[in-house]
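Summary of structural features
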Amino acid sequence: LMVRMGARMADGIQLSDFTVEMMPDAMENVRAGLANRDEPTDDFRVGNFWAFHIKEDRDTAMYEARRELIWRGAIAAKYEHEIRAFCHDDQEVEIVIDNYMNFLKAFWTRSGKIDGVPGDLVNRLITGMSSTGDMKDLDQEIERFQQFKTAGLTELSLRLFDNPMDGLKIIGQHVVPAMRG
């Protein structure tokens, strides 16, 4: 986890698509790496990239999240153990892995249609691996961001997709004030 830059160790690490549930193992690895540093640090930063699909319109948000689902780390890398957290059983994990190209097709065709994967499974993957929904879902997403903070994150980079200025407005008016408080 640590990158040696000359004689000095990095002052932080950037994760991507780590869920709250993945943070304890990640932080254990960070602590193990920090224990091996020659020079201790008081301000080691731990960040995470996270997909933010909160829109005024829920259907628009869900379309965008389905279209971009292939790029969530567990699916892109076919990490069965990470996908399993959102599946009812191993058969559903196999469905996700077996339909990898259909997730990709949903992106490259811009259709957001993931053939071969039941809609409720797609929705569980979206809910578990991103912040998605409309303004009624924002409070539960802010709670998730608080859970990330409690788990050890010092930064959360929210990835915006279509109409990024609308997303920035939501973040500026709702997320930033809630995280400061």
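A few points on the structure.

So, how was this worked out
- Residues numbered from 1 in each chain as written.
- Predicted model: local features only at pLDDT ≥ 70, side-chain atom pairs only at ≥ 80, totals over all residues.
- Heavy atoms only, no water.
- Phe/Tyr/Trp six-rings, centres within 6.5 Å; stacked < 30°, edge-to-face > 60°.
- Helix = DSSP H or I, 4+ residues; strand = E, 2+ residues; numbered from the N terminus.
- Buried < 20%, exposed > 50% of the residue type's maximum accessible area, 1.4 Å probe, protein only.
- Contact = heavy atoms within 4.5 Å.
- Axes fitted to C-alpha atoms, helices over the stretch in contact; angles between N-to-C directions.
- Parallel < 35°, antiparallel > 145°, perpendicular 65-115°, else oblique.
- Nonpolar A, V, L, I, M, F, W, Y, C, P; charged D, E, K, R; others polar.
- Core = buried A, V, L, I, M, F, W, Y, C linked by side-chain atoms within 4.5 Å.

Using the criterion set out here, one finds two aromatic pairs in the structure. Centre to centre, the rings of Trp50 and Phe148 are 5.2 Å apart; their planes meet at 70°, and the pair counts as edge-to-face. Of this pair, Trp50 sits in strand β4 (residues 45-54) while Phe148 is found in helix α8 (residues 138-151), placing the two residues 98 residues apart along the sequence. Like Trp50, the residue Phe148 is buried in the burial classification. Between Trp71 and Phe107, the aromatic rings sit 5.3 Å apart at their centres with planes inclined by 90°, giving edge-to-face as the arrangement. On the criterion of sequence distance, the pair formed by Trp71 in the loop between α2 (58-68) and α3 (73-76) and Phe107 in helix α6 (residues 100-108) is long-range, its members being 36 residues apart.

With that settled, consider the side chain of Arg72. Inspection of the secondary structure puts Arg72 in the loop between α2 and α3. Its relative accessible area of 7% is what places Arg72 among the buried residues. Setting aside anything within four residues of it in sequence, one finds Arg72 in contact with Asp17, Ala51, His53, Met129, Ser130 and Phe161.

Contact geometry for α2 and helix α7 (residues 119-129): axes closest at 10 Å, N-to-C directions at 90°. Overall, the two elements α2 and α7 adopt an arrangement that is roughly perpendicular. In this structure, α2 contributes Met62, Ala65 and Arg66 to the contact, and α7 contributes Val122, Asn123 and Ile126. Of the residues belonging to the contact of α2 with α7, the class tally is four nonpolar, one polar and one charged.

In terms of nonpolar packing, the biggest core is built from 23 residues, with Leu69, Ile75, Ile83, Phe103 and Leu125 touching the most fellow members. Of all the secondary structure elements, the ones that give two or more residues to this core are α2, α3, α5 (90-98), α6 and α7. A total of five residues in this core trace back to one element, the largest contributor, which is α7. Discounting residues that sit within four places of it in the chain, Leu69 has contacts with Ile75, Phe103, Ile114, Val122, Leu125 and Ile126. Of all hydrophobic cores here, the second largest spans 21 residues; its members include Ile13, Val20, Phe44 and Ile170.

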